[in-house]
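Next come the chains, spelled out residue by residue.
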Amino acid sequence: MKKSVLLWLLFVCSFAVQPVRAQFLKKLKEKANQAVNKTLGTGETNSNANSSSASQDNNTYGGKPTNKGGGGLKNTTPPDVQQQIADAETAHTAAKYSDARYSIQQALVGVEIQLGREILKSLPNPVVALEKDTTQDKVSSTQWGWNNLTIQRVYSDKKDKQLTVTIGNNALYAGMANLYFNNAYGVQADASNQNIKQTKVKGNKAIIQYEDSKGYTLMVSMGQSAMIVWECINFADENEVMAAANSFDIDGIKKSLGEQ
Amino acid sequence: MRSFIIAVCFVTAGYPSIAQGDFKTQIATAKKSYSAGKLEDTHFALQQALQELDMIIGKEVLKIMPQKIDSLNANPKDDHVAANVGFVGATIHRSYGTQRNAEVEIINNSPMVNTLNAFLNSGMLGGMVRDENTKVVKVQGYKSRLEKQGDNANGKPNYHLQIPFSNALMTVTANGMTEEQVLALANSFPLQDIAKLVQ
């Protein structure tokens, strides 16, 4: 009996280095422990079981340790716009044009992040009974200083229904969306199903799309380069999606982004 | 005719000070708008200031580029700087020679430069784009892509050389030159100094 238990344990240990089978191993290990305890009474072989679990916890497969946690990065404050402008002026006067350019880019990032935060504040809450989840609020801006602001907010019922709204002023993305708007073939339909179609949200041209795996996606092009996208998971139908979109002040967002 | 030349000289001479004046105007507007909480106006003024800076930087680059390379003289009337804030920073253009000639274009602050760098520094991607007309060469230590583009009307070869350096991309289009002449031409540009200006 003892021999068979030990063989059983060896079998378990030989598989312990394969993390992809972790769940399977866990069950096997439990079974083995139960069998050992039942046979030997106290935990004589617990050290074996523990060493197996330790090697798994350390995750040192391949000789390289994996990171188990850390303090992460602290949020940096957005660049101080006034300071950056002053730095740009100083660099420009000293004919250090590259430094002046860098400071202007930093000032632009600072302005864009403030702009994004103001837009986030102005977004409605709740939206079709979904509450905002501010832990997932995002405002990002890139250093290129032109049309690179992205704002994101998530609304959720804390179960399986979720709305993610993304607002961006990137000419490249908006250009791609405009291809849809201006392309007669952008509307796909066959005799029974239609999974993409053009519509309007508060008078603005929009595209709505449905995929079983992703749910509803609604895109509205705002002005020359801005765009707003709603991704709706587990919404009942397109009417509910449109109701959610209509609760947003699109004109206000457009104005904040300087679009016409 | 004389008055026309004087007028052109006046406009050309006056441009740098106008550009610099514009930078200061845009900065003043940005400061005023920011104090008033008008973020979008601040954003627009800063973008304009960035554009002015790109123009100034482009003109500084033209100043340090050689006036003559081998027997090819620069064509000052073709000098051109176009600022295009954001996706592509500025485009700086100069041409050399007449019959046997070369055109040089520098694009700075462009994210597209990274794409070319990825090609040049990745063995797999580099191999995919290489054929009998294309090869990777080094110009002042920078990996560059040299492409032969057929022959000109006199049966002499044309070349296209792309040199990514710092965050800029220099493209040399040479007509009627040998490969050695193209590389000698590219090696006569002060790439390190240009990199300092455009970084």
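All figures in this text were calculated on a predicted structure; none of them were measured in a lab.

Participant: Pulling in residues and values, what's your account of the overall build of chain A?
Facilitator: The helix and strand inventory of chain A stands at eight helices and seven strands. When the 260 residues of chain A are sorted by exposure, 26% land in the buried category. A fraction of 53% describes how many contacts in chain A between residues 6 or more apart in sequence connect residues 24 or more apart.

Participant: Give me the lowdown on the packing of helix H2 (residues 39-64) of chain B against helix H6 (residues 191-198) of chain B, citing residues and values where you can.
Facilitator: All names here are of chain B. Between H2 and H6, the least distance of the axes is 10 Å, while the angle of their chain directions is 165°. By the angle between their directions, the pair H2 and H6 is classed as roughly antiparallel. Between H2 and H6 the crossing geometry is right-handed. Residue-level inspection shows Ile57, Glu60, Val61 and Ile64 of H2 in contact with H6, the latter providing Asp193, Ile194, Leu197 and Val198.

Participant: Talk me through the interface of chain A and chain B; I want residue IDs and the actual numbers.
Facilitator: Chain A puts 23 residues into the contact, and the matching count from chain B is 24 residues. Within the residue set of the side of chain A that touches chain B, elements represented by two or more residues are helix H4 (81-93) and helix H5 (97-122) of chain A. Of all the elements, H5 of chain A adds the most residues to the side of chain A that touches chain B, at eleven residues.

Participant: Describe helix H7 (residues 238-246) of chain A, with residues and values.
Facilitator: Residues and elements named next belong to chain A. Buried within H7 we find Val241, Ala244 and Ala245. Along the long axis of H7, the arc covered by the buried residues comes to 95°, so they all point the same way. Turned more than 90 degrees from where H7 packs its buried face, Asn239 and Asn246 sit exposed. Where H7 is buried, its residues touch strand E3 (162-168), strand E4 (196-201), strand E5 (204-211), strand E6 (215-222) and strand E7 (226-233).

Participant: Let's hear about the pairing of strand E8 (residues 157-165) of chain B: which residues, and what values?
Facilitator: Residue and element names in this part refer to chain B. Sheet topology note: the strand E7 (residues 142-151)/E8 ladder contains five bridges and is antiparallel. Among the inter-strand pairings, lysine 148 is bridged to a residue of E8, identified as tyrosine 159. Once E7 ends, the chain turns through five residues before running back antiparallel as E8, passing glycine 155 with a positive phi of about 80°. If you look at the hairpin formed by E8 and strand E9 (residues 168-175), you'll find two residues sitting between the two strands, and serine 166 has a positive phi there, around 50°.

Participant: Now, about the confidence of the model for chain B: what can you tell me, with residues and values included?
Facilitator: All names here are of chain B. Mean pLDDT over chain B works out to 80, with 76% of the residues at or above the 70 mark. When pLDDT is averaged over each helix and strand of chain B, the minimum, 55, is found for helix H4 (residues 123-129) and the maximum, 92, for helix H5 (residues 179-187). This stretch, residues 4-19, has a pLDDT under 50; its non-local contacts, to residues over four places away or in other chains, come to four contacts. Scoring the predicted complex yields pTM 0.68 and, for the interface, ipTM 0.76.

Participant: Account for the sheet that holds strand E1 (residues 131-141) of chain A, naming residues and giving values.
Facilitator: Residues and elements named next belong to chain A. Sheet architecture is open: seven strands sit in the order E1-E2-E3-E7-E6-E5-E4, paired in antiparallel fashion. Across the chains shown, the open sheet's two edge strands, defined by having one partner strand only, are E1 and E4. The sheet shows a mean angle of 20° between the axes of neighbouring strands, direction not considered. In the packing of H5 onto the sheet, the strands contacted are E1, strand E2 (149-156) and E3, and the crossing angle to E1 comes to about 160°. Contacting E3, E4, E5, E6 and E7, H7 crosses the sheet at an angle of about 135° to E7.

Cut-offs applied
- Residue positions within a chain follow its written sequence, with the count starting from 1.
- All chains are assigned letters beginning with A, and all ligands numbers beginning with 1, in the order in which they are written.
- A pLDDT threshold of at least 70 governs which residues receive local features in this predicted model, and a stricter bar of 80 or more applies before side-chain atom pairs are shown or counted, although totals over entire chains, interfaces and linings include all residues.
- Helix and strand definitions here come from DSSP, where helices need a minimum of 4 consecutive H or I residues and strands a minimum of 2 consecutive E residues; each element is numbered from the N-terminal end.
- Burial in this document is a count-based property: other C-beta atoms within 10 Å of a residue's C-beta are tallied, and the residue is buried at 20 or more, exposed at 12 or fewer, or partly exposed in between, with C-beta positions derived from the backbone.
- Residue pairs qualify as contacts under a 7 Å threshold applied to their C-beta atoms, which are placed from the backbone.
- All axes here are fitted lines through C-alpha atoms, helices being fitted over the stretch that makes contact, and every angle between N-to-C directions spans 0 to 180 degrees.
- The cut-offs work like this: below 35 degrees is roughly parallel, past 145 is roughly antiparallel, 65 to 115 is roughly perpendicular, and the gaps in between are oblique.
- Definitions for this section: a left-handed crossing has its near helix turned counterclockwise from the far helix by less than a right angle. A right-handed crossing has that turn clockwise.
- Comment: arc refers to directions from the helix axis out to C-beta atoms.
- Only when DSSP finds a minimum of two bridges between them are two strands counted as paired.
- For every residue, the predictor assigns a confidence score, pLDDT, that lies between 0 and 100.

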